[in-house]
Amino acid sequence: MLHYTEPMYRPPSEADDIFIQVTQGCSHNACSFCGQYKATPFHVEPMEQVKSDIIEASRIYPNKKRVYLLSGDPFVLSFDKLEQIGLWINQYMPQIETIAMFASINTIKRKTDEELKSLFGLKMNLLYLGIETGDPEALAFANKGHTVDDAYTQLMRLKKIGIGYLSAYIAGLTGEGREKGLENAKNSAVFFNLVPPVMLGVTSLSIWENTPIGQMRKEGKFTPASEIQILEETKELLEGLESPMYFSSVHVSNLVPVTGVIPQDKTRMINTLTKQIAQMRKQDSVPRYDGRDGMM
Ligand code: SF4
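Residues numbered from 1 in each chain as written. Predicted model: local features only at pLDDT ≥ 70, side-chain atom pairs only at ≥ 80, totals over all residues. Heavy atoms only, no water.

Quick notes on the overall build of the protein chain
Now for step 1: Within the protein chain, the regular secondary structure consists of 10 helices and 10 strands.
Now for step 2: The C-alpha atoms of the protein chain give 20 Å as radius of gyration, which agrees with the globular expectation for 296 residues (19 Å, within 12%).
Now for step 3: Seen through its C-alpha atoms, the protein chain measures out along the principal axes to roughly 60 × 40 × 35 Å.
Now for step 4: Counted over contacts in the protein chain with a minimum sequence separation of 6, partners at least 24 positions apart contribute 78%.
Now for step 5: Of the charged side chains in the protein chain, 31 are positive and 35 negative; the average position of the first set lies 2 Å away from that of the second. (Helix = DSSP H or I, 4+ residues; strand = E, 2+ residues; numbered from the N terminus. Rg over C-alpha atoms; globule rule 2.2 N^0.38 Å. Contact = heavy atoms within 4.5 Å. Lys, Arg positive; Asp, Glu negative; His and termini not counted. Charge placed at Lys NZ, Arg CZ, Asp CG, Glu CD.)

Some words on the layout of surface pockets
Now for step 1: In this model, the second largest pocket occupies a volume close to 160 Å³.
Now for step 2: Forming the boundary of the second largest pocket are D135, E137, A138, F141, L173, T174, K180, E183, N184, M216 and F222.
Now for step 3: Secondary-structure elements contributing two or more residues to the lining of the second largest pocket are α5 (136-142) and α7 (178-194).
Now for step 4: Broken down by class, the residue content of the lining of the second largest pocket amounts to five nonpolar, two polar and four charged. (1 Å grid on protein atoms, 1.4 Å probe; cavity = no way out; pocket = protein on both sides within 12 Å on 5 of 7 lines; lining within 4 Å. Points joined across faces, edges and corners; volume = space filled by probe spheres on them. Nonpolar A, V, L, I, M, F, W, Y, C, P; charged D, E, K, R; others polar.)

Some details on the side chain of S71
Now for step 1: Position of S71 relative to the elements: it lies in the loop between β4 (66-70) and α2 (79-92).
Now for step 2: In this structure S71 comes out as buried when scored by relative accessible area, which is 0%.
Now for step 3: Engagement of the side chain of S71 in a polar contact is seen with the side chain of Y37, the distance being 3.4 Å.
Now for step 4: For S71, the residues in contact, after removing those within four places along its chain, are P7, M8, Q21, T23, Q24, G25, Y37 and F102. (Buried < 20%, exposed > 50% of the residue type's maximum accessible area, 1.4 Å probe, protein only. Polar contact = N/O pair within 3.5 Å; in protein donor to acceptor, adjacent residues only side chain to side chain.)

Considerations on the packing of helix α9 (residues 227-240) against helix α10 (residues 266-282)
Now for step 1: Relative orientation of the contacting elements α9 and α10 amounts to 160 degrees, with a least axis distance of 10 Å. Classed by the angle they form, the pair α9 and α10 counts as roughly antiparallel. For α9 against α10, the interelement crossing comes out left-handed. Residues E227, I228, L231, E232, T234, K235, L238, E239 and G240 of α9 form the contact with α10, whose participating residues are K266, M269, I270, L273, T274, Q276, I277, M280 and R281.
Now for step 2: Residues belonging to the contact of α9 with α10 are distributed by class as follows: eight nonpolar, four polar and six charged. (Axes fitted to C-alpha atoms, helices over the stretch in contact; angles between N-to-C directions. Parallel < 35°, antiparallel > 145°, perpendicular 65-115°, else oblique. Left-handed = near helix turned anticlockwise from the far one by under 90°.)

So far we have only geometry, and geometry alone does not tell us how the molecule works.
Quick look at the structure:
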């Protein structure tokens, strides 16, 4: 039997992959908005177990083309371990085309160019990154453990090597205050134009009680952005995006899902948001966004 430990999170686009658990929890576990792994101490799975899971999975799924490594940030593993895992996957599942996983800017930083190239050669060619914002102030508030400059440098390295990456943006991260939200969106659009991800996925800030932001809300120090503000921020972000990328706000936390390719579908997506914002402005009372507890 394959070894899995709850909680497990994986991107919707990897739902049909083979899942191999190589870590539990998240080694950072300190982002101000994230409660995913608060009750899960970070742990590296034994390599013998990873190998036996790869062998077993190769028998169960002989035709699958993608492997997804669990959990929070498997890229934190040393190069030697990642290389060994890649070698086993290539040996026992030669049909695999992509080995994807979550990664962070800091764990990319710890790998040399040569190491990244080797991992890319082993089909570790797609990383999911929680960049969340390209605005220095919002990023510091998110406590991701990296700066905007760090993110730019590491994403440029991935681009040069050819490793694809997808990124998240959190609308409403800066809380109540239209100008702060718009500023976050503007600066983030500039950032993502410089280092465009394959896909930029937008979520609306979800507030978990077991997080610093959850605590701040409880103490009255953080007020969530309104629904209109979230939509205006998402629209501002879209308006600023120019570099080719896939854009998606199809996430359960978003009131109005839009999806499409930048630049060709940009106007359609902006029009959808504009219409919804106008409609909400006409209403006598605009529904209050009060955070969506525990939804990611
Ligand atoms: S958002 Fe990602 S990096 Fe941050 S604590 Fe959660 S799992 Fe870890």
